[in-house]
Amino acid sequence: MKINRRLVLLVTAPLTVAVAFSVLALAPATNQALQAGRLTSMVEVAERASELTYRLQRERAAATALVSEQGDAEEFRLRTEETDRSIAGFRSRAEGLSAVPGSARGALDRIERFAEEMPGLRAQVRSGSSTVSALAFGYRIVIADLNGYRDGIAQADGVDADIADRIRAAAALSEAAEHTAQQQVTVARAQAAGGFTTASQRTFDAGRMGYTESIGVMFDLGPGAWRTWLERTLSGAQALEARRLEDEIGRTGTGKDITVTPKEWQKAADDRQELLRSVEKRVDAAVLAQVSDVRTTLIWTAGAEVALVVLTLVGVVVVAIRLGRVMIRRLRDLRNAAHEVAHSGLPTVMSELSQPGALRGATPEEVARRTGDPVRTTGQDEIGEVGEAFNAVHHEAVRLAAQQAHAHEQLAETLVGVARRGARLTAVMVSELDTVQRDEADPVRMKTLFALDHLAVRMERNTNNLLVLGGYGNARVRSADVGCSTVIVAAAQQIERFDRVSLGVIESGIGITARAVHDVAHILAELLDNATRYSPPDKQVGVAVWRLWDRAVVQIVDEGVGMTAERRAVHNAALLEPQAGIGDVRSMGLHVVARLAARHGIVVELRDSSGPGTIAEVTLPAKVLALDFEEDRGPSQGGPGNDVGYETPRPITPPGPQGRGQSARASERPDHHGTPVGAGIGASAGTGMGAGIGTGTGTAVGTGIGAGVAGADAPADGGDREAPPGHERSRDNGPGGGARDRGHGTTPAPRPARDEPASRVAGVSSSGLPLRQRRAPQQWPTAGRRDGAEQRPGAGAPRPSPRRRDSRQVSDVLAAYAQGINRSTNHRGRSAPDDHTERTEK
């Protein structure tokens, strides 16, 4: 989970708790505001109930007059219309009520039922079928329910005691008005009956007493202003007239005629009801205003509390977001700086420090300070401390890398010093060997001296390896380009088992530029040494060269144990990108090849063979190849018009000093194999290779192509001969010194090698190599046969003249050659010296 989500969770948890407690704290205020709103609605309905009560009282009075034949139907109709409008307003207000107390809810239900029964009651009034008593009772019930609703809302939840008292006081005023209205109906009924009966007299007196009690309740519960309103209203002439008539009627005994006419009484009673109604309106308005004020106050209080809580929560969230964004931004800056250092900055510094001379005399501490601090996010908090700690880690990493680079430079200088000292010692040894060889006539000892001479060549190659690992190259620069076959032979003569290297199909006309000759020979020597070291001793290592567009490909094929695909991929990666450090001593050849190949853009790749062993493929780019290179060749091996030539497959012969004056007896004495000592490919008519391709530092050993021991034509006295023109004796010092020409006296006539009888030598190439005459087709070595192997059936059939081959055909020829190597038999193993390891570790 990312840090921003964790911060969100970290802020959300306390915010949730705060919101929960805020809701609990706001619940009472909100509930009171809601209760005040409901109470306001109920008070508004009570105001409508007061209006409906007044209309019902007037309708009752008109109905009583109509039934007692004291009024007319038109008056009753007007009163019923007013009542209907009041009922409609009451219903519209009562429909939206909620949380009404139980008694008030029951009153509302009874009022609703009476409203539905009103048409029937009115029909009885119009028809005159109802008595005055029944009529008065019906209206009195619904009016009592209306007054009961007004008194019941005072019992609602959350109603303040003062408001409840005022609601009861307003209800008491309505009851007082109902008592006066009942008096009006009682008097009207008595007037119609000719006087009071005992029951009607008691009803009249009860009305007067009820009015007095209700007014007293209103005075007790209501504020003093209400009493003032009522007293002032009832102190007028109309109220006094109604009081006078009421007293006069009250003094009338039972069974006596009432002296007040119905019309006078009806008018006085209506006027008094109007006055009471006006006071009732003011009281209801006062109650509604008070309830509305309380509701408004509670709503504002609840709103203020909610706003305060919301603003507090929003402020907390805003502060948390701002602090979190700053924290996240700093952490992201720290992360980006770490990624930049890990993926770009530190690798770049390491790459720069891995280059030779990267320190430029600076100390590791100075290099570390020079790189600066990658993290700018610092401060006094923990994030700043992490940034400072990361800067300290980066500083220490760069310092250690610079210290390691300094150690590598010292080691490289040590290796170069050891290599140069070894080169000087090798040069001294070669010089001593040269002195001994001039006066040696015994062929056995001469062979030993030649072996030591060849060992010096290998020692010089090892010295060159140290120079390459130390970051230095071959200081010797040739003045002329050299053919690729010459470079291959020179590379083969730098290894221990040079006699196992067999040149396959080599396309002529491929030359190596002078500046790359020594490095290419060094690369091929390391690959050939690896191939011969880790392949059976009785098997040949084949080399083939062909041109592919603007490049040239050299393939080295062996029949060794091979390697797994995983290890081959690892070594190919190491060959593609050379290691910056000194490298493992056990795989020194691998690092040397990688560095030399990278220096010239050469691609070296290890590939799997179709049979046992491995194929090492060296791709020489155009900048390494010599343009328009031509070398002298013997008779063309192709037919007429075939301008692509191929040199004859042949083995590599033992190297030897060129032009050394030896006695005929010593030169002609064969070794234990029957081969004359020093007989090699390089023996040519009258000349050697001259300044051949050397491998060492200091005085190079004479291993150039064309270096060989004089044949049977050497003078018998063993005297020194003069070197031919252009082949003076030389000793090149410095890294990469070439081969030496140790010529004394006249150069003897060339003696062909054992594999090249004089009868088959057609000429000498520009590289000083003998060119064989064309044999019959069945005498040419085929791709599936080696020396000593049986010829396959059909091998003696004539072969057509080779045609012009393109790169693909050359690849086919190389594949056939590799198959011939893979079919070799009689594998014999040989133990490697103690200082050699597996092939893949070289």
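This text goes with the structure placed above it.
As a starting point, this report considers the structure included with it. (Residues numbered from 1 in each chain as written. Predicted model: local features only at pLDDT ≥ 70, side-chain atom pairs only at ≥ 80, totals over all residues. Heavy atoms only, no water.)

**So, the overall build of the protein**
Scanning the protein for helices and strands turns up 18 helices and 11 strands. Buried residues in the protein amount to 48% of all 842 residues. Taking contacts inside the protein between residues at least 6 apart in sequence as the whole, the part at least 24 apart equals 79%. Accessible area for the protein stands at about 40400 Å²; split by element, carbon and sulfur atoms hold 54% of it. (Helix = DSSP H or I, 4+ residues; strand = E, 2+ residues; numbered from the N terminus. Buried < 20%, exposed > 50% of the residue type's maximum accessible area, 1.4 Å probe, protein only. Contact = heavy atoms within 4.5 Å. Areas by Shrake-Rupley, 256 points an atom, 1.4 Å probe, with all protein chains shown as cover.)

**Focus on the side chain of Glu59**
Position of Glu59 among the secondary structure elements: in helix H1 (residues 3-67). Ignoring any residue separated from it by four or fewer positions in sequence, one finds Glu59 in contact with Phe76, Arg79, Thr80, Thr83, Met118, Arg122 and Tyr139.

**A few points about a positive patch on the surface**
Judged by side-chain charge, Lys2, Arg5, Arg332 and Arg335 come together as a positively charged surface patch. Inspection of the secondary structure assignment puts Arg332 in helix H9 (residues 262-354). Arg332 sits in the partly exposed class, given a relative accessible area of 42%. (Patch = residues over 30% accessible without salt bridge, like charges linked within 9 Å, V, L, I, M, F, W, Y side chains within 5 Å. Salt bridge = Lys/Arg side-chain N within 4 Å of Asp/Glu carboxyl O. Lys, Arg positive; Asp, Glu negative; His and termini not counted. Charge placed at Lys NZ, Arg CZ, Asp CG, Glu CD.)

**A short note on the packing of helix H6 (residues 198-221) against helix H8 (residues 237-250)**
Relative orientation of the contacting elements H6 and H8 amounts to 140°, with a least axis distance of 11 Å. Taken together, the axes of H6 and H8 are oblique relative to one another. Crossing handedness for the pair H6 and H8: left-handed. Along its contact with H6, which presents Gln201, Phe204, Arg208 and Tyr211, the element H8 presents Arg243, Glu246, Asp247, Ile249 and Gly250. Here the residues of the contact of H6 with H8 are counted per class, giving 3 nonpolar, 2 polar and 4 charged. (Axes fitted to C-alpha atoms, helices over the stretch in contact; angles between N-to-C directions. Parallel < 35°, antiparallel > 145°, perpendicular 65-115°, else oblique. Left-handed = near helix turned anticlockwise from the far one by under 90°. Nonpolar A, V, L, I, M, F, W, Y, C, P; charged D, E, K, R; others polar.)

**Structural notes on the packing of aromatic side chains**
Between two aromatic rings, the relevant description is the distance of the centres plus the angle of the planes. On inspection of all chains with the given rule, the structure shows 2 aromatic pairs. Both rings, one in Phe114 and one in Tyr139, keep their centres 6.3 Å apart while their planes meet at 70°; by these two values the pair is edge-to-face. Of this pair, Phe114 sits in helix H3 (residues 102-127) while Tyr139 sits in helix H4 (residues 132-152); the two residues are 25 residues apart in sequence, bridging distant segments of the chain. Across this residue pair, the class does not change: Phe114 and Tyr139 are buried. An angle of 45° between the planes, with centres 5.6 Å apart, marks the rings of Phe196 and Phe204 as tilted. Pair check on accessibility: Phe196 and Phe204 agree, each one buried. One cation-aromatic arrangement involves Arg227 over Phe219; the distance from NZ or CZ to the ring centre is 4.5 Å. Lying over the aromatic face of Trp229, Arg282 brings its terminal NZ or CZ to 4.1 Å of the ring centre. (Phe/Tyr/Trp six-rings, centres within 6.5 Å; stacked < 30°, edge-to-face > 60°. Lys NZ or Arg CZ within 6 Å of the ring centre and 35° of its normal.)

**Regarding a nonpolar patch on the surface**
Nonpolar side chains collect at one region of the surface, where Val306, Val310, Val314 and Val318 lie side by side and expose about 270 Å² of accessible area between them. Residue position: Val314 is located in helix H9.

**Here's the deal with unusual backbone geometry**
Of note, the phi angle at Glu69 is positive, near 60°, even though the residue is not glycine. For Glu69, the location among the structural elements is in the loop between H1 and helix H2 (73-94).

**Quick notes on the packing of H1 against H2**
Angle between the axes and distance between the axes: these two values describe a pair of packed helices. Where H1 meets H2, the closest approach of the two axes is 9 Å, and the angle between their N-to-C directions is 160°. As summarised for this structure, H1 and H2 are arranged roughly antiparallel, according to the angle between their axes. Along this stretch, H1 crosses H2, giving a crossing that reads as left-handed. Of the residues that constitute the contact of H1 with H2, the class distribution is 12 nonpolar, 4 polar and 10 charged.

**Some details on the environment of Glu305**
Secondary-structure assignment places Glu305 in helix H9. Expressed as a C-alpha distance, the spacing of Glu305 and Ser22, which sit 283 residues apart in the sequence, is 9.1 Å. Setting aside anything within four residues of it in sequence, one finds Glu305 in contact with Ala25, Leu26 and Ala29.

Distances and angles like these do not, on their own, reveal function.
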